[in-house]
Amino acid sequence: MEFNVKKLASDAGVFFSRAMQFTEEKLGQAEKTELDAHFENLLARADCTKNWTEKILRQTEVLLQPNPSARVEEFLYEKLDRKVPSRVTNGELLAQYMTEAANDFGPGTPYGKTLIKVGETQRRLGAAEREFIHSASINFLTPLRNFLEGDWRTISKERRILQNRRLDLDACKARLKKAKAAEAKAALWSDEVEKAEHELRLTQTEFDRQAEVTRLLLEGISSTHVNHLRCLHEFVESQTNYYAQCYQFMLDLQKQLGRFSGTFVGNADSSSPAAAPSPPAVAAATLPAVPTIPVVPTIVGVPNTVAEGVLNPNEVKPPASGTRKARVLYDYEAADSTELALLADEMITVYSLPGMDPDWLIGERGNQKGKVPVTYLELLS
């Protein structure tokens, strides 16, 4: 009991001494031991790393889960060391609604059939999103959290200890200075000077040891940057794969809908009011639309197969003039034998025939020939 009382009194004395030293430094009444420039740079770099890591972590969490309530729920589950319940993505929920609506309207009707097609794509988009979120959480968010909750806490703890060691050192310097001033007035104070010098040597040793420990931890920030750089590459790769999947899913859906959209229009109820004319297409950085093949009347001098929208490549002859070179912008998978499959960045020869849909051209690559969508091409002069 007596030992505990003495220890408490000693701790209180140390705390009071540090508080006095800190206050006098702030008031400009006491000298402060300054760290060297290299050490100060390490401290500034560590603080910068911590602050930006927090911001990047929080904003990535918002990107992956925009719902703040869901983020709070996931945070609580993690703190309680419980498994986060599986959450349905918005795409999967939309797919469920579309499928249920199709069953009510009739899966064999044009609207029901389209709902099923679009719903299936939404389900695939939702599954891809779930996979991306899972990958980004493991490969990117977790390392950032581990740094903030592990390495940074250790650095902060050692920095606080170093601060206390510095306050102790400066307090000892102040006491030694006072003792020497008193010694000049009376020889009886020589013992106080010797005691103050001994305390100063001890505190200087402790300060130097703690400064070295803290410096090594701060220099480890370079390794942290290397690790976070690797995680950033993995995050970008996951995001690239996710958007590539989404792009391919939507292209496939557009091609499927483009093949039988004309059938839907033809089966529409004749009693329904006429649809308003579609607004003109606006050029934008969106997915290229896959147009439908309209039925056009027979034109004199043009093979019936072309005029009716069914192309037999063997019957098509290029015009004497009007052919152009074109660069392919995107990969295109031919829907049937009348179309020409394309690969991005390849060069082909294109031309139009009377009566053709203006959204399509005839493309030739060597001995291969077929229809190609204009939106997939960059026409060259």
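Shown above is the structure to which this text applies.
Note that this is a predicted model, so its numbers are computed, not measured. (Residues numbered from 1 in each chain as written. Predicted model: local features only at pLDDT ≥ 70, side-chain atom pairs only at ≥ 80, totals over all residues. Heavy atoms only, no water.)

### Overview of the overall build of the chain
Here is step 1: Across its full length, the chain holds eight helices and five strands.
Here is step 2: The secondary structure elements of the chain, listed N-terminal to C-terminal, are α-α-α-α-α-α-α-α-β-β-β-β-β.
Here is step 3: Counting every position in the chain, which comprises 381 residues, the buried fraction comes to 31%.
Here is step 4: Excluding contacts between residues fewer than 6 apart, the proportion of contacts in the chain whose partners are at least 24 apart in sequence is 68%. (Helix = DSSP H or I, 4+ residues; strand = E, 2+ residues; numbered from the N terminus. Buried < 20%, exposed > 50% of the residue type's maximum accessible area, 1.4 Å probe, protein only. Contact = heavy atoms within 4.5 Å.)

### Notes on the packing of helix 2 (residues 37-64) against helix 5 (residues 110-183)
Here is step 1: In contact at an axis separation of 10 Å, helix 2 and helix 5 are set at 150° when each is read in the N-to-C sense. The pairing of helix 2 with helix 5 is recorded here as roughly antiparallel in orientation. With respect to the hand of their crossing, helix 2 and helix 5 are arranged in left-handed fashion.
Here is step 2: Residues that form the contact of helix 2 with helix 5 fall into these classes: 16 nonpolar, four polar and six charged. (Axes fitted to C-alpha atoms, helices over the stretch in contact; angles between N-to-C directions. Parallel < 35°, antiparallel > 145°, perpendicular 65-115°, else oblique. Left-handed = near helix turned anticlockwise from the far one by under 90°. Nonpolar A, V, L, I, M, F, W, Y, C, P; charged D, E, K, R; others polar.)

### So, the pattern of salt bridges
Here is step 1: Scanning the model with the defined rule gives 17 salt bridges in all.
Here is step 2: For Glu120, the salt bridge goes to Arg123, with nearest N and O atoms at 2.5 Å. Taken together, the residues Glu120 and Arg123, both in helix 5 and three residues apart, mark about one turn of the helix.
Here is step 3: According to the relative accessible area criterion, Glu120 is partly exposed, its value standing at 37%.
Here is step 4: On the basis of relative accessibility, which here comes to 40%, the residue Arg123 falls in the partly exposed class.
Here is step 5: A salt bridge links Arg215 to Glu212; the shortest N-O distance between them is 2.3 Å. A residue pair is termed a helical-turn pair when its members lie 3 or 4 positions apart in one helix, as Arg215 and Glu212 do in helix 6 (residues 190-219) at three residues. (Salt bridge = Lys/Arg side-chain N within 4 Å of Asp/Glu carboxyl O.)

### Here's the deal with helix 4 (residues 90-105)
Here is step 1: In this model, helix 4 (16 residues) spans 22 Å end to end at C-alpha, consistent with the 22 Å of a helix rising 1.5 Å per residue.
Here is step 2: Taken as a whole, helix 4 has its buried residues at Gly91, Glu92, Ala95, Met98 and Ala102. Along the long axis of helix 4, the arc covered by the buried residues comes to 120°, so they all point the same way. Pointing more than 90 degrees away from the buried face of helix 4 are the exposed residues Asn90 and Asp104.
Here is step 3: Tucked into the core, helix 4 has its buried residues touching helix 5.
Here is step 4: Looking one or two residues beyond helix 4, the residue adopting positive phi is Gly106, at roughly 110°. (Expected span 1.5 Å × (residues − 1). Arc of directions from axis to C-beta.)

### What about unusual backbone geometry?
Here is step 1: Positioned with a positive phi, Asp345 is a non-glycine residue whose angle comes to about 80°.
Here is step 2: One can find Asp345 in the loop between strand 1 (324-328) and strand 2 (347-351).
Here is step 3: Judged by relative accessible area, Asp345 falls into the exposed class, the value being 53%.

### A few points about the sheet that holds strand 2
Here is step 1: Judged by pairing direction, the sheet is antiparallel, and its five strands sit side by side in the order 4-3-2-1-5 without closing on themselves. The open sheet has two free edges, formed respectively by strand 4 (368-373) and strand 5 (377-379), since each of these has just one partner strand. Sheet twist, expressed as the mean angle between neighbouring strand axes with direction ignored, is 40°. (Pairing = 2+ DSSP bridges.)

### Description of helix 2
Here is step 1: Taking 1.5 Å of rise per residue, the 28 residues of helix 2 would be expected to cover 40 Å, and the 40 Å separating its terminal C-alpha atoms lies within 8% of that figure.
Here is step 2: Three or more residues of helix 2 are buried, namely Phe39, Leu42, Leu43, Ala46, Thr49, Lys50, Thr53, Leu57, Thr60, Glu61 and Leu64.
Here is step 3: The distance from a side-chain oxygen at the start of helix 2 to the backbone nitrogen of His38 is 3.1 Å, and the residue carrying that oxygen is Asp36. (Polar contact = N/O pair within 3.5 Å; in protein donor to acceptor, adjacent residues only side chain to side chain.)

### Some details on the pairing of strand 2
When a strand is regular, its side chains alternate between the sheet's two faces.
Here is step 1: Counting buried positions over the five residues of strand 2 gives four, a clear majority of the element.
Here is step 2: Relative to strand 2, strand 1 runs antiparallel, the two being bridged by four bridges. Looking at the pairing, Ala326 lines up with Ile348 of strand 2.
Here is step 3: Direction of pairing for strand 2 relative to strand 3 (residues 360-365): antiparallel, over a ladder of three bridges. In the strand pairing of strand 3, Val350 is matched with Gly363.

Limitation: the analysis is restricted to geometry and does not speak to function.
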